[in-house]
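Single-letter residue listing:
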Amino acid sequence: GNLKTTNQPGATAELMREASRIGANIIQADWIQFLPNTSPDEEGMGMGSHFASVGGSLYGLWINTKTGKRFTDEFGDRKTTTDAIFKVLDAGGKTISVTDSVGVASFNKVRPGAMDILRKNGAVKASASLDALAQAYGMNPEALKQTFADFNKAIESGKDTEFGRKDPLFRPLTAPYYISTKGYPGAYKTEGGLEVNEHLQVLRAKDDKPIEGLYAAGSTCGSITARINDAVSSGLLAGEEAASSVK
């Protein structure tokens, strides 16, 4: 089916189109990064992804509703977890993110007021027990209980033999449980962009020479990530280079 995006409706790649029109070289535009834990019940980035990231990834576990079992290292990188979710979806399953009051408390600290929004729009629901959770999502209750038992046993032994999870927040969960209703990868950004040189000058496609007066920074570049430190530092450098080029 159609994939959703985490971006706002105004993100329609005008910059890339205009840069291409004047001959700029665009690299790796087909390298799409997905945010694995968005909610199809929300448009754009939404708040469900934040709940799944904090509550489910750091303080909980992810469940395949078809089997009632975990299907990945919840603390894994975006590509690993995205691939795991797509595998579940391709097999006709759905995924949910489950945490408890500890995960909710942590989420409330970093996103004050968000929990109220998520409960109101239905992206997060509560369940008083594993039986109730299994019934709500059509899972075998015994399979789900075994998953939680195995999860807690792995924590006690300090070894996750299923997926190798090792983070320090790996801990048992207790009722009541809070569930992100669905997990679904959303197209987040392209890893590509405009090709630049060491001076952050944009290069032409036909000869790899700089386009006079054109500089790029941040994730506009095909070789720089979207992290804030990369965006700020490359922006400062591009500004200095542009200023020094003015005669």
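Above this text sits the structure in question.
It should be emphasised that the depicted structure is a prediction, and the values quoted were computed from it without experimental measurement.

Here we come to the overall build of the chain. The helix and strand tally for the chain stands at 8 helices and 11 strands. Along the first, second and third principal axes, the C-alpha atoms of the chain reach 70 × 35 × 35 Å. For the chain, long-range pairs separated by at least 24 residues make up 72% of all intrachain contacts whose partners lie at least 6 apart in sequence. Carbon and sulfur atoms form 54% of the exposed surface of the chain, whose accessible area is close to 13300 Å².

Once that is clear, we can look at the sheet that holds strand β4 (residues 69-70). Across the sheet, 5 strands lie side by side as β4-β3-β5-β7-β6; this open sheet has antiparallel pairing. Single-partner strands in this sheet number two, and they are β4 and β6 (124-127). As paired strands, strand β3 (residues 61-64) and β4 are joined by 2 bridges and run antiparallel to one another. Pairing of I63 across the sheet is with R70, part of β4. Each of β3, β4, β5 (95-99) and β7 (177-180) is contacted by helix α7 (residues 141-157), which is oriented at about 150 degrees to β3, the strand it contacts most.

Take the pattern of salt bridges next. As enumerated under the stated definition, the model contains 11 salt bridges in all. Salt-bridge contacts for K4 lead to E43; the nearest nitrogen and oxygen are separated by 3.1 Å. In this pair, K4 is assigned in the segment before α1 (14-21) and E43 in the loop between β2 (32-38) and α2 (48-58), connecting sequence segments 39 residues apart. Residue classification places K4 among the partly exposed positions, given a relative accessible area of 33%. By relative accessible area, E43 is classed as exposed at 65%. For R21, the salt bridge is made with E18, and the minimal N-O distance between the two is 2.8 Å.

For the rest of this paragraph, the subject is the environment of K182. Mapped onto the secondary structure, K182 falls in the loop between β7 and β8 (184-190). For K182 and G48, which are 134 residues apart along the polypeptide, the C-alpha to C-alpha distance reads 8.8 Å. Sequence-distant contacts of K182, that is, excluding residues within four places in its chain, are made with T38, S39, P40, D41 and T95.

I96, V98, L133, M139, L144 and F148 are the most contacted members of the largest nonpolar core, which totals 16 residues. Elements that contribute at least two residues to this core include exactly β3, β5, α6 (130-136), α7 and β7. Per-element accounting of this core gives the leading share, 4 residues, to α7.

What follows deals with the packing of helix α4 (residues 101-110) against helix α5 (residues 114-121). Between α4 and α5, whose axes approach to 8 Å, the crossing angle comes to 115 degrees. Here V104, F107 and N108 of α4 lie close against α5, whose contacting residues are A114, M115 and L118.

Okay, the packing of α2 against α4 next. Between two packed helices, the angle of one axis relative to the other and the distance separating the axes together describe the packing. Viewed as axis vectors pointing N to C, α2 and α4 meet at an angle of 130 degrees, and their least axial separation amounts to 8 Å. Considering the angle they form, α2 stands oblique to α4. For the crossing formed where α2 meets α4, the hand is right-handed. For the pair α2 and α4, the contacting residues are H50, F51, V54 and G55 in the first and G103, V104, S106, F107 and V110 in the second. Class assignment for the residues of the contact of α2 with α4 results in 5 nonpolar, 4 polar and no charged.

So, about helix α8 (residues 228-245). In an α-helix, one turn spans 3.6 residues; hence positions three or four apart end up facing the same way. Along its 18 residues, α8 runs 26 Å from first to last C-alpha, staying within 8% of the 26 Å computed at 1.5 Å per residue. Buried within α8 we find D230, S234 and A238. The buried residues of α8 occupy one face: seen down the axis, they fall within an arc of 50 degrees. Within α8, the exposed residues directed more than 90 degrees away from the buried face are I228, L236, E240, A243 and S244. Of the surrounding secondary structure, the elements contacted by the buried residues of α8 are β11 (210-215).

Definitions and limits used
- Residues numbered from 1 in each chain as written.
- Predicted model: local features only at pLDDT ≥ 70, side-chain atom pairs only at ≥ 80, totals over all residues.
- Heavy atoms only, no water.
- Helix = DSSP H or I, 4+ residues; strand = E, 2+ residues; numbered from the N terminus.
- Contact = heavy atoms within 4.5 Å.
- Areas by Shrake-Rupley, 256 points an atom, 1.4 Å probe, with all protein chains shown as cover.
- Pairing = 2+ DSSP bridges.
- Axes fitted to C-alpha atoms, helices over the stretch in contact; angles between N-to-C directions.
- Salt bridge = Lys/Arg side-chain N within 4 Å of Asp/Glu carboxyl O.
- Buried < 20%, exposed > 50% of the residue type's maximum accessible area, 1.4 Å probe, protein only.
- Core = buried A, V, L, I, M, F, W, Y, C linked by side-chain atoms within 4.5 Å.
- Parallel < 35°, antiparallel > 145°, perpendicular 65-115°, else oblique.
- Left-handed = near helix turned anticlockwise from the far one by under 90°.
- Nonpolar A, V, L, I, M, F, W, Y, C, P; charged D, E, K, R; others polar.
- Expected span 1.5 Å × (residues − 1).
- Arc of directions from axis to C-beta.

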